[in-house]
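# Structural overview
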Amino acid sequence: MSGTRIFEGIVGNRAALRLLERALRSGEVSHAYLFHGPEGVGKRTVARRFGAALVAGGDEAALGRALRGLHPDLTEVEPEGAFTTIGQVREVLRLAASRPFEGSRRVFVLRADTLNLQAANALLKTLEEPEGEAVFLLLAASREAVLPTIASRAQAVRFDPVPVGEVAGFLARRGFAEAGLAAALGRGSVGLALRYAGGELGELREAVLEAALGPLGDFEDVHRAAGRITALAERVGEAREREALSAAEEPDRAARERARRAGRAARDGAVREALGLLCSVYRDAAAVAAGAPELVINADRGEELRRIVRERPGADWAGAAARAGEAALDLSYNVSPEAILEVTLSELRRKTSANSPAW
């Protein structure tokens, strides 16, 4: 399969895809690539397809198995909790030093921004002195999140947020209603836009909008809003855990543990998205207050936004947006999502009250 066909259907980031297509056509493949860019812009999907093409070596049957995750020479390493550990990297290096099972290459997909220091140092020696035909596809949200010694030994491939117009066109061609709104809510991520278009995140969004645009109540109201958002995020995590378990051929203890980690990551991702939505709502309010309604993301709530801006002339909308954005970082620490949401909603309540001082 040609490079053009292997990336068929990928939206956006044509420069990155052209670089990888040239590598597949010419056979001049680097021993390591660093795919860096925001979450949800296609890095992982492209890595899987690129890796599948590399291990298949032109064999269509092998390519099909690799795309389904069933090829023994294509390995994707999921972090154990927040980190990819030295034990995981040592296993990767052991496999990389041995001959491929079928083809001429082995390919490993790893999250470079989750490598702990020991794991990164263990991988570094192999990247400095590559042997054999192993190819490492490293994923990261940014180059700055990767140790410089790792980043400098891999070919950087940059992925950018996909323009809203391209995402909207992609969704419209697939028959989704309100493609423009879903694309805007995706904020440059095709995967996230699809989740909004398909309704997966609809109830979570409603809960966030109610918390952001509803009446400013007391602590009990804040507690109730945080609990509702957390419960919906838990539901997302439970669905992901069930999906991971059903995909396992033999749901043994290791498979159950992987499914549990996947569920927890999905839950935290849903909480992170809730905070991202809060940020977008308050940015929208700041745009309305500044006389720039064309910048509003949550366009279906335009009237509510105008009303709330009129009712709260002293609100610090920009400060509230910044605080909601910062709150997502707290998920990196071992703090319960509900506690993070309660604290954040309480602070946002103060910043967006009618009598808040303007900064």
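In the annotation of an unreviewed UniProt entry, the entry for the chain reads DNA polymerase III, delta prime subunit, and the organism field reads Rubrobacter xylanophilus.

Moving on, we come to the overall build of the chain. The number of helices and strands found in the chain is 16 helices and 5 strands. Taking 359 residues into account, the globule formula puts the C-alpha radius of gyration at 21 Å, and the chain, at 22 Å, falls close to it. Relative to its 359 residues, the chain shows a buried fraction of 46%. Restricting to contacts in the chain with at least 6 residues of sequence separation, those with at least 24 account for 72%. About 18000 Å² of surface is accessible on the chain, with carbon and sulfur atoms providing 51% of the total.

Our next topic: the environment of R158. Here R158 shows up in strand β5 (residues 155-158). Every residue in contact with R158, bar those within four places of it in the chain, is listed here: N13, A16 and H36. Polar contacts involving the side chain of R158 include one to the side chain of D160, which spans 2.7 Å.

A few words now on unusual backbone geometry. The residue N13 is not glycine, and still its phi comes out positive at about 55°. Within the secondary structure, N13 sits in the loop between α1 (3-6) and α2 (14-26). Phi angles above zero are rare outside glycine, and E178 is one such case at about 50°. Here E178 lies in the loop between α8 (164-173) and α9 (179-186).

Right, let's talk about the domain arrangement of the chain for a bit. By a widely used convention, the size of an interface equals the accessible area lost when the partners come together. Each domain of the chain was delimited in the assignment, giving domain 1 (14-158) and domain 2 (200-352). On a C-alpha basis, the centres of domain 1 and domain 2 stand 32 Å from each other.

Rules used in this analysis
Residues numbered from 1 in each chain as written. Predicted model: local features only at pLDDT ≥ 70, side-chain atom pairs only at ≥ 80, totals over all residues. Heavy atoms only, no water. Helix = DSSP H or I, 4+ residues; strand = E, 2+ residues; numbered from the N terminus. Rg over C-alpha atoms; globule rule 2.2 N^0.38 Å. Buried < 20%, exposed > 50% of the residue type's maximum accessible area, 1.4 Å probe, protein only. Contact = heavy atoms within 4.5 Å. Areas by Shrake-Rupley, 256 points an atom, 1.4 Å probe, with all protein chains shown as cover. Polar contact = N/O pair within 3.5 Å; in protein donor to acceptor, adjacent residues only side chain to side chain. Domains from an automatic or database assignment.

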